[in-house]
Amino acid sequence: MKRMKISRNAMIAAIGAVMIAGVAISAPALAQRDPAYEAARTAGQVGEKMDGYLGVVGAATPALDRIVRDINIKRRAVYAEKAQAANATLEEYAFTAGCLNISRTKPGEKYQAPGGDWQTRGSGAPQRDQRCP
């Protein structure tokens, strides 16, 4: 059987469609069970990164580092499983998840803009990478 070659953009779009359809487990939903994470997110101490992982915004503390590390370990495990099922790389899947996580931020929450700087979500749509599905 011949294996089809699919462009990277087509793969990212396909992964995005699968995630949007609700097939993927929502990594942010896993993290929202932790009140310390919720408090840090509300305070703007952590934010969504374009690579699909959570980041510390500003000065890191041992407690913030621990929260971010624990959540990112869980996210990576989910992304790895889902990437394999979608026949995608971990990086492709994580990037697409990052696009979706950023789009799901609420006003006042932090996210990483395409230039790499931290932004606070306003009432409009967040800035997203042009490669996002």
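Keep in mind the model is a prediction, meaning the values are calculated, not measured. Per-chain numbering applies: the sequence of each chain, read as written, is numbered from 1 onward. Residue-level local features of this predicted model are given only where pLDDT is at least 70; pairs of side-chain atoms are given and counted only at 80 or more, and the full residue set underlies all totals for whole chains, interfaces and linings. Heavy atoms from the whole structure form the basis of all side-chain values; hydrogens and water molecules are not counted.

Q: I keep staring at helix H3 (residues 35-42) and nothing clicks. Help me out?
A: For H3, the set of buried residues is Tyr37, Ala40 and Arg41. Along the long axis of H3, the arc covered by the buried residues comes to 100°, so they all point the same way. Projecting away from the buried face of H3 at angles above 90 degrees are the exposed residues Pro35 and Thr42. If you check the start of H3, you find a side-chain oxygen 2.9 Å away from the backbone N of Ala36, and it comes from Asp34. Following H3 by one or two positions, Gly44 has its phi on the positive side, about 75°. The rule is simple: take the accessible area with a 1.4 Å probe, protein chains only, and divide by the maximum for that residue type; under 20% is buried, over 50% is exposed, in between is partly exposed. Where helices and strands are cited, they refer to DSSP runs of H or I of at least four residues and of E of at least two residues respectively, numbered from the N terminus. Taking the helix axis as origin, the arc is that swept by the directions to the C-beta atoms. As used in this structure description, the phrase polar contact means that two N or O atoms lie within 3.5 Å; if the pair is within protein, one of them must be able to donate a hydrogen and the other to accept it, and residues adjacent in sequence are counted only when both atoms belong to side chains.

Q: Sorry if this is basic, but what is going on with helix H4 (residues 62-85) here?
A: An α-helical turn contains 3.6 residues, so a residue and the one three or four places further along point in the same direction. An expected span of 1.5 Å times one less than the residue number is assigned to each helix. Taking 1.5 Å of rise per residue, the 24 residues of H4 would be expected to cover 34 Å, and the 35 Å separating its terminal C-alpha atoms lies within 8% of that figure. Among the residues of H4, Leu64, Ile67, Val68, Ile71, Asn72, Arg75, Val78, Tyr79, Lys82 and Ala83 are the ones counted as buried.

Q: Sorry, what's going on with the packing of H4 against helix H5 (residues 90-103) here?
A: If you want to describe how two helices pack, look at the angle between their axes and the distance between the axes. Here, axes are lines fitted to C-alpha atoms. For helices the fit covers the stretch in contact, and angles between N-to-C directions go from 0 to 180 degrees. At a minimum axis separation of 9 Å, H4 and H5 run at an interaxial angle of 115°. Where H4 crosses over H5, the handedness of that crossing is right-handed. Within the contact between the two elements, H4 uses Arg75, Arg76, Tyr79, Ala80, Lys82 and Ala83 and H5 uses Leu90, Tyr93, Ala94, Ala97 and Asn101. Under the convention adopted here, Pro, Cys and the residues Ala, Val, Leu, Ile, Met, Phe, Trp and Tyr are nonpolar, Asp, Glu, Lys and Arg are charged, and Gly plus all remaining residues are polar. Across the contact of H4 with H5, the residue classes break down as seven nonpolar, one polar and three charged. Left-handed describes a crossing in which the near helix is turned anticlockwise from the far one by less than a right angle; the clockwise case is right-handed. Here, residues are in contact when the closest pair of their heavy atoms is within 4.5 Å.

Q: Teacher, can you tell me more about the pattern of salt bridges here?
A: Two side chains bearing opposite charge may form a pair once their charged atoms approach each other closely. The rule for a salt bridge is simple: a side-chain nitrogen of Lys or Arg has to be within 4 Å of a carboxyl oxygen of Asp or Glu. What the rule picks out here adds up to five salt bridges. Of the charged contacts, one joins Arg41 and Glu48 as a salt bridge, the two residues approaching to 2.9 Å between their closest N and O atoms. Arg41 sits in the buried class, given a relative accessible area of 6%. Looking at Glu48, the relative accessible area reads 0%, which means it is buried. Between Arg131 and Asp129 there is a salt bridge, and its shortest N-O distance comes to 2.9 Å. Taking relative accessible area as the criterion, Arg131 reaches 37% and is therefore assigned partly exposed. In the salt-bridge network here, residues are joined through shared partners; they are Arg41, Glu48, Arg75 and Glu109.

Q: Got a minute to help me understand the nonpolar core in this structure?
A: General note: in soluble globular proteins, nonpolar side chains tend to be found buried as a group. By convention a nonpolar core is built from buried Ala, Val, Leu, Ile, Met, Phe, Trp, Tyr and Cys residues, the set being connected through side-chain atoms within 4.5 Å. Counting residues in each nonpolar core, the largest one holds nine residues, listed as Tyr37, Ala40, Val46, Leu54, Val56, Leu64, Ile67, Val68 and Ile71. Elements represented by at least two residues in this core include exactly H3, strand S2 (54-56) and H4. Broken down by element, this core gets its largest block of residues, four residues, from H4. When near neighbours in sequence (up to four residues on either side) are disregarded, Val46 contacts Tyr37, Ala40, Arg41, Leu54, Gly55, Val56, Val57, Leu64, Val68 and Lys110.

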